Amino acid sequence: MFTKLSLAELSGLLQRRDTSAREVTQAFLDRIQHLDGKVGSYLTVDPEKSLAQADAAQALLDAGGSQPLTGVPIAIKDNISTDGMRTTCASKVLEDYVPPYDATVVSKLQQAGVVNLGKTNLDEFAMGTSCENSALGVTRNPWDLDRSPGGSSGGSAACVAGELAPASLGSDTGGSIRLPASFCGIVGFKPTYGRVSRYGLVAFGSSLDQIGPMTRTVEDAALLAEAISGHDPLDSTSLPEPPISAREVKSGTLKGLRLAVPREMLEGEVEPGVREVFEQVCQTARAEGATVEEVSIPAIKFGVTTYYIIAPAEASSNLGRYDGIRYGSRLDGNGHVGMVAKTRGELFGHEVKARIMIGTYALSAGYYDAYYLRAQKVRALMAQEFESKFAEYDLVLSPVSPVVAFRLGELNDPLALKLLDVCTIPANMGGFPAISLNGGFSSGLPVGVQLMGPVLSDERLLQAAYALEQALPAAAFRAPQFA
Ligand code: GLN
């Protein structure tokens, strides 16, 4: 029964001593052992370590030194460094890599007495939209085991939906928290760029990457965001702001809220079922007293092409460190160059190599101005267009993905997959906070809706999302019957 509860509910039980941290952690470990074989959300679990952390959390609870999340367990995407526990990025090159330090978010959680349940599957180095680029395993969507959980944080979404963790951490460079949250019917929150430290997050696109919570409720997302956010001197892009506050999350209302719906996010290949759910959500918001108006933000049309220059450019530089010497595995080859070529050639997957090549090309002397520089200009333009809308409207409302979860193997055209990022990419381009919650169902599969706000509006955004969640029957977490 613990596995059905939200973080807030588990926390209530723990604070009242109605249960112990060990009992709660054990319940999830048992379920993982029995059922994760079907879902494949975890790459690494270490029950002894989790239980030792649970006992330490219990000591905090008993000593009266606890924080709101003390004693609850959560799962962690496997591109977030954990001291002494392997962090693979679902890549063969890091398959046996054990970090010598914790990411800042992990040490913050540890200080708060949050238990690490294990590390979850992802697209290799977080590059993908379906989790199918993992070199280490297949993750299935608990709503339909033949379908993708979305990506790249597919394991983090599947474990929350499948009641194999009450919540998890994901990372989002172009939608990797929000899209799998949408496919799996849960809440996914990407905070303002710089509010959560990236120290210890294995870098993909450093100017876009952000860690955030994946949960069953908006309240849980706020609680987890509060626990992991705040200034960090170890991340030079960390903002000086205090942590995101969860205190007022329940005081939000949709009354009087001005919501803008960008036409460019509804054009093209949006499935009829997604369109229908989205229209119902707009109706609900109106019925609750919000104004919902269609607007035009023309630069959205260039978002996918621009992102797929900038993100690979940054990745091509960031992934230079996997040279067989500094990090991860090495394959022997002929001389130094032979060794590096063999290591990178054989241990990186196809998508990662494609992106390194595209990024290197876009940054090379002859093409820099035509690709990288232009992409940066479009990025600035896109941010400006959104900012000018935020002067007139409080938040932007849109679908998360034009489609619901597709069958594994069904979308094997890399371009088709990339086009699914049209609604999520703008938040990363502008550093804006954005949240995905379940808006309804299409043929029995969840359909997410997204709210996006201006930089540093995280608290306001969470409040609005909470109010929308309360007004939407489908947003109440439901667990799929996959067992
Ligand atoms: N789907 C996008 C990509 O493949 C986003 C990935 C992410 O946010 N990490 O790059």
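For clarity, every value in this text was computed on a predicted model and none was experimentally measured.

Q: Outline the sheet that holds strand E7 (residues 258-262), listing residues and values.
A: With mixed pairing, the eleven strands of this open sheet are ordered in space as E1-E3-E2-E4-E6-E5-E10-E11-E9-E7-E8. Either end of the sheet is taken by a strand with one partner, and the two such strands are strand E1 (42-44) and strand E8 (291-295). Going from strand to strand, the sheet's axes swing by 35° on average, the running direction of each strand aside. One ladder, built from five bridges, connects E7 with E8; its direction is parallel.

Q: Describe the packing of aromatic side chains, with residues and values.
A: According to the stated counting rule, one finds 16 aromatic pairs in the structure shown. Pairing Tyr307 with Tyr308 gives two aromatic rings, centres 4.7 Å apart and planes at 85°, and the pair type is edge-to-face. Accessibility classification places Tyr307 together with Tyr308 in one group, the buried group. When the ring of Phe386 is compared with that of Phe390, the centres are 6.4 Å apart and the planes differ by 40°; the resulting orientation is tilted. Linking Phe386 with Phe390, this pair stays in helix H12 (residues 369-392), spanning four residues, or about one helical turn. Judged by relative accessible area, which is 12%, Phe390 ranks as buried. Members of the aromatic cluster, connected to one another through ring pairs, are Tyr97, Phe125, Tyr322, Tyr327 and Phe348.

Q: Quick rundown of the pattern of salt bridges? Include the residues and the values.
A: Proximity of charged atoms lets side chains of opposite charge pair with each other. Inspection of the entire model under this criterion finds 17 salt bridges. In this structure, Asp62 engages Arg17 in a salt bridge whose closest nitrogen and oxygen atoms are separated by 3.3 Å. Highlighted residues: Asp62 in helix H3 (residues 47-62) and Arg17 in the loop between helix H1 (7-15) and helix H2 (21-39), separated in sequence by 45 residues. Under the relative-accessibility criterion, Asp62 is labelled exposed at 52%. Take Arg17: its relative accessible area is 39%, and that puts it in the partly exposed class.

Q: Which residues make up the site of the ligand, and what are the values?
A: Taken together, 15 residues lie around the ligand, and Thr173, Gly174, Ser176, Tyr307 and Arg355 are the ones closest in. Gly175 places a polar main-chain atom, nitrogen or oxygen, 3.3 Å from an oxygen atom of the ligand. Within the contact set of the ligand, an oxygen atom lies 2.8 Å away from a side-chain nitrogen or oxygen of Arg355. Tallied by class, the residues present in the shell around the ligand amount to five nonpolar, seven polar and three charged.

Q: With reference to specific residues and values, describe the side chain of Thr25.
A: Structurally, Thr25 can be placed in helix H2. Not counting residues up to four positions away in its chain, the partners in contact with Thr25 are Ser50, Leu51, Ala54, Pro73, Val115 and Leu117.

Q: Describe in detail the state of the cysteines, supporting the description with residues and values.
A: Overall, the coordinates contain zero disulfides when judged by the stated rule. No disulfide involves Cys131; its sulfur sits 9.3 Å from the nearest other cysteine sulfur, which is in Cys184. Cysteine Cys282 shares no disulfide, and the gap to the nearest cysteine sulfur, in Cys423, comes to 12 Å. On the basis of relative accessible area, Cys282 is assigned to the buried category, the value being 7%.

Rules and cut-offs
- Numbering of residues begins from 1 in every chain and follows the order in which that chain's sequence is written.
- Residue-level local features of this predicted model are given only where pLDDT is at least 70; pairs of side-chain atoms are given and counted only at 80 or more, and the full residue set underlies all totals for whole chains, interfaces and linings.
- The side-chain numbers reported here are obtained from all heavy atoms of the structure, hydrogens and water having been left aside.
- A pair of strands is considered paired only if DSSP assigns at least 2 bridges between the two.
- Segments assigned H or I by DSSP are reported as helices when at least four residues long, segments assigned E as strands when at least two residues long, and all are numbered from the N terminus.
- Note on geometry: axes are C-alpha line fits, over the in-contact stretch for helices, and angles between N-to-C directions span 0 to 180 degrees.
- Any pair of Phe, Tyr and Trp rings, taking the six-membered ring for Trp, is counted once the centres come within 6.5 Å. Such a pair is stacked with planes under 30 degrees apart, edge-to-face with planes over 60 apart, and tilted for the rest.
- Remark: exposure states derive from per-residue accessible area (1.4 Å probe, protein chains only) relative to the maximum for the residue type, with buried under 20%, exposed over 50%, and partly exposed in between.
- Take a side-chain nitrogen of Lys or Arg and a carboxyl oxygen of Asp or Glu: if they are within 4 Å of each other, that pair is a salt bridge.
- Any residue with a non-hydrogen atom lying within 4 Å of a molecule or strand is treated as near it.
- We define a polar contact as two N or O atoms separated by no more than 3.5 Å, with the added condition that, inside protein, one atom must be a possible hydrogen donor and the other a possible acceptor, whereas residues neighbouring each other in sequence contribute only through side-chain atom pairs.
- Polar here means any residue other than Ala, Val, Leu, Ile, Met, Phe, Trp, Tyr, Cys and Pro, which are nonpolar, and Asp, Glu, Lys and Arg, which are charged; Gly is therefore polar.
- Residues are treated as being in contact if the distance between any of their heavy atoms lies within 4.5 Å.
- The definition used for a disulfide is geometric: two cysteine sulfur atoms within 2.5 Å.

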